[in-house]
Amino acid sequence: MVGYIIRRLLYIIPTIFGVAVLVFVLFTAAGEDPVRVALGQHATPQAIADLEALWGLDQPLWRQFISFLGQIVTFNYGESYFTGEVLSEAFASGALVSLSLTLPPFVFGLVLNIAIAMMIAYYRDTWIDRFSTATAVISMSFSYLVYIIAMQYFLAYEFEWFPINGYAPGWDALPYLALPWLIIILVSIGPDVRIYRTIFLNEMQANYVRTARAKGVSERSILFIHILKNAMIPILTFTIVAVPFLILGSFLMERFFSIPGLGDLMITAINNGDFPVLKGMTMYITMTYALFNLLTDLLIAAVDPRVKLH
Amino acid sequence: MPRFNNLYWDAAQKLSRQKLVVICLGIIAVYIFVALLGILNLLPDYQTRVATGYEAPSLGLAKLLGTDIFGRSVLYKILAGTKTAMLIGILVTSISVPLGVTLGAVAGYYGGLVDVGIVWLYTVISSVPYILMVIAISYVIGKGLVAICLAMGLLGWVGLCRLIRSEVLKNRNLEYVAAARVIGANDLQIIFRHILPNVVHLAIISASLQILGAIKSEVILTFLGVGIQDGASWGSMISDATGELVQGIWWPLAGVVFTMFLIIYALNVVSDALRDALDPKLRGSTEVVEEDSQLGAKEAAVQKA
């Protein structure tokens, strides 16, 4: 087990190296020169040279890459070109805001959608099943944008049930987050219920269900104990890997509702050519993603006795 | 190869018996027809004034969906946007599907270092947030339609590559491959003539989902300001319409939303039906590919699928 974890952690290194190369090439080769963006069109050559020296852009590329690798190892990505903020602090505060936006609806949506999917799967091939599946497809056919625009317009602007946008720190954020939460949950119902329904249907056809039934186990305990437990394995693989991306928040939500999370930070960084922010953020996300992949495998091994780690 | 033919013949028969699927195929055909008209420059010019600004919908083709702030026909703009959307869907798919099939087949067939390299490549690509990659690539190539197609195409092959790789891995040890080798087929012939026909249904299903995903992503990327810069696009129309809604101008948004809904719904239904007809055991496992998830929390689920 310990050997497996160590081996898996070592496997992460080539991935991180690959991402580092990719990110470095993309953001160094990218069209816009951050120095130009910062100083504007009428900068003197002296000012340009000074700023390039300050940001280390006068160094040869290979040296810049080595120092980027150094940053990855030490988790210290320096400071933002534009706000001068220390990046690790900006990430931490941004990630907290993003998580407060994405985590509650993620957890609530998971429980809700599993419940709905179980109900639909239980009533398979009846009108309830057909109606719900058709509704799911229809609901998935609207763009994410449409949900945000429609709900913001009607619920916040017309009916004034929620603030239109904005954010406040701490518990005061609740009224601002309520509508985004509602939208995230609503949008997740269609696709998630469809996937979970398929998973439940697969389990319901399994032999152990027939055996349990033959032994006289009640339908209710078949559904809630046997099937739910087994269906959780594929559901887990689907959902846990989504967690690292929760940290990033949702670009669209943060944009529409002016929530200062990481997604918002990233869009601003893209517009400014703030490469330290982009590089740092990408590396953080990559590492969390790799770790959560490992965590998923360990969790599945813990839940499913058929899975052996080696 | 009789098995090959039967599979597709059966699938076509199955599909033609479902009324909703036939209707949806018709809808897709209409959209493709509009796109073709657009490419041939036969669509009415959306940049000409047809009336005063912000006229509500009324009878007559040009004013059927009302006019925008400059008095241009909303319907004509939507038609031009349809061309853009379909073009993007098809271009993205024609980059990512061949890439996914080829790389997946090569990785699965040869194994060893080639496999390690390709798996490494797609792990790297899928570890970076999708939207960030698209934006970065389109910055390198320059904004606009070509850039966004290239970016989405170069990133979109990962899921299909994974599927094809594991299928080829299963197939390469089967008897028919050994038989092909005995009669003197070389590696390329075995991969492309013998193994691929058995896994190509995955590419068909994936293509239908990719078109869907590309259309949805383009709208969101354009809305965020990194997509189509000039020319008509549903994304920029939605972006304009958001501010107009508050002034009571609902028709541009309603028109775009309905147009988008129709094509996405049709593609959803057809790709579901394709999946059922071509590969019943795949139900559920590729479903996630189609979501807006690239931009949301479910991104990882896509990559896992």
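Owing to the predicted nature of the structure, the values given are computational and were not obtained by experimental measurement.

Side note on the overall build of chain B
Thinking step 1. From N to C terminus, chain B includes 12 helices and 0 strands.
Thinking step 2. Looking at chain B as a whole, 56% of its 305 residues qualify as buried.
Thinking step 3. Partitioning the contacts of chain B with sequence separation of at least 6, the portion at a separation of at least 24 is 69%.
Thinking step 4. Summed over all atoms, the accessible surface of chain B reaches about 12600 Å², with 67% contributed by carbon and sulfur.

A look at the environment of Leu150 of chain B
Residue and element names in this part refer to chain B.
Thinking step 1. Here Leu150 is to be found in helix 6 (residues 145-155).
Thinking step 2. Exposure remark for Leu150: the relative accessible area of 30% places this residue in the partly exposed category.
Thinking step 3. Sequence separation of Leu150 and Val92 is 58 residues, and the distance between their C-alpha atoms is 6.8 Å.
Thinking step 4. Look past the residues within four positions of Leu150 in its chain and what remains in contact with it is Ile95 and Ile141.

Details of the interface of chain B and chain A
Thinking step 1. If you look at the interface, chain B gives 50 residues, while chain A gives 52 residues.
Thinking step 2. Summed over both partners, the interface of chain B with chain A comes to about 4600 Å²; 74% of that surface belongs to carbon and sulfur atoms.
Thinking step 3. If you look at where chain B meets chain A, you find 1 salt bridge.
Thinking step 4. Broken down by secondary-structure element, the contributors of at least two residues to the side of chain B that touches chain A are helix 4 (112-127), helix 5 (130-141), helix 9 (187-224), helix 10 (234-245), helix 11 (251-278) and helix 12 (299-304) of chain B.
Thinking step 5. Per-element tally for the side of chain B that touches chain A: the top contributor is helix 11 of chain B, with 10 residues.
Thinking step 6. Its residues placed into classes, the side of chain B that touches chain A shows 31 nonpolar, 8 polar and 11 charged.

Re the packing of aromatic side chains
The relation between two aromatic rings is expressed through the spacing of the ring centres and the mutual angle of the planes.
Residues and elements named next belong to chain A.
Thinking step 1. Counting across every chain of the model gives 19 aromatic pairs over all chains.
Thinking step 2. For the pair Phe17 and Phe65, a centre-to-centre distance of 6.2 Å together with 80 degrees between the ring planes defines the contact as edge-to-face. With Phe17 in helix 1 (residues 2-29) and Phe65 in helix 4 (residues 61-74), this pair connects stretches of sequence that are 48 residues apart.
Thinking step 3. Note on Phe65: relative accessible area 16%, which makes it buried.
Thinking step 4. Plain terms: the ring middles of Tyr153 and Phe154 are 5.1 Å apart, the flat faces sit at 80 degrees to each other, and that makes the pair edge-to-face.
Thinking step 5. For Tyr153, a relative accessible area of 15% translates into the label buried.
Thinking step 6. For Phe154, a relative accessible area of 42% puts it in the partly exposed group.
Thinking step 7. An aromatic cluster of at least three residues, connected via ring pairs, comprises Phe17, Phe24, Phe65 and Phe68.
Thinking step 8. Directly above the aromatic system of Phe68 lies the positively charged group of Lys279, at a separation of 5.2 Å from the ring centroid.

Some remarks on the pattern of salt bridges
Thinking step 1. The final tally for this structure, using the stated rule, is 9 salt bridges over all chains.
Thinking step 2. The shortest N-O distance in the salt bridge between Asp129 of chain A and Arg197 of chain A comes to 2.8 Å. Within this pair, whereas Asp129 of chain A is found in helix 6 (residues 127-140), its partner Arg197 of chain A is found in helix 8 (residues 174-204), the two being separated by 68 residues in sequence.
Thinking step 3. Look at Asp129 of chain A and you get buried, because its relative accessible area is 3%.
Thinking step 4. With a relative accessible area of 12%, Arg197 of chain A lands in the buried category.
Thinking step 5. Notably, a salt bridge pairs Arg275 of chain B with Asp272 of chain B, separated by 2.4 Å at the nearest N-O pair. A residue pair is termed a helical-turn pair when its members lie 3 or 4 positions apart in one helix, as Arg275 of chain B and Asp272 of chain B do in helix 11 at 3 residues.
Thinking step 6. Classification of Asp272 of chain B by relative accessible area gives buried; the value is 17%.
Thinking step 7. Three or more residues joined by partner-sharing salt bridges are found here, namely Arg194 of chain A together with Asp272 and Arg275 of chain B.

Examining the environment of Asn271 of chain A
Thinking step 1. Structurally, the position occupied by Asn271 of chain A is in helix 13 (residues 262-272).
Thinking step 2. For the pair formed by Asn271 of chain A and Val37 of chain A, sequence separation is 234 residues and the distance between their alpha carbons is 9.4 Å.
Thinking step 3. Aside from chain neighbours lying at most four places away, what touches Asn271 of chain A is Arg255 of chain A together with Tyr139 of chain B.

Definitions and cut-offs
- Residues numbered from 1 in each chain as written.
- Chains lettered and ligands numbered in written order.
- Predicted model: local features only at pLDDT ≥ 70, side-chain atom pairs only at ≥ 80, totals over all residues.
- Heavy atoms only, no water.
- Helix = DSSP H or I, 4+ residues; strand = E, 2+ residues; numbered from the N terminus.
- Buried < 20%, exposed > 50% of the residue type's maximum accessible area, 1.4 Å probe, protein only.
- Contact = heavy atoms within 4.5 Å.
- Areas by Shrake-Rupley, 256 points an atom, 1.4 Å probe, with all protein chains shown as cover.
- Buried area = accessible area lost by both parts, 1.4 Å probe.
- Salt bridge = Lys/Arg side-chain N within 4 Å of Asp/Glu carboxyl O.
- Nonpolar A, V, L, I, M, F, W, Y, C, P; charged D, E, K, R; others polar.
- Phe/Tyr/Trp six-rings, centres within 6.5 Å; stacked < 30°, edge-to-face > 60°.
- Lys NZ or Arg CZ within 6 Å of the ring centre and 35° of its normal.

Remember that the coordinates give geometry; whether it matters functionally is a separate question.
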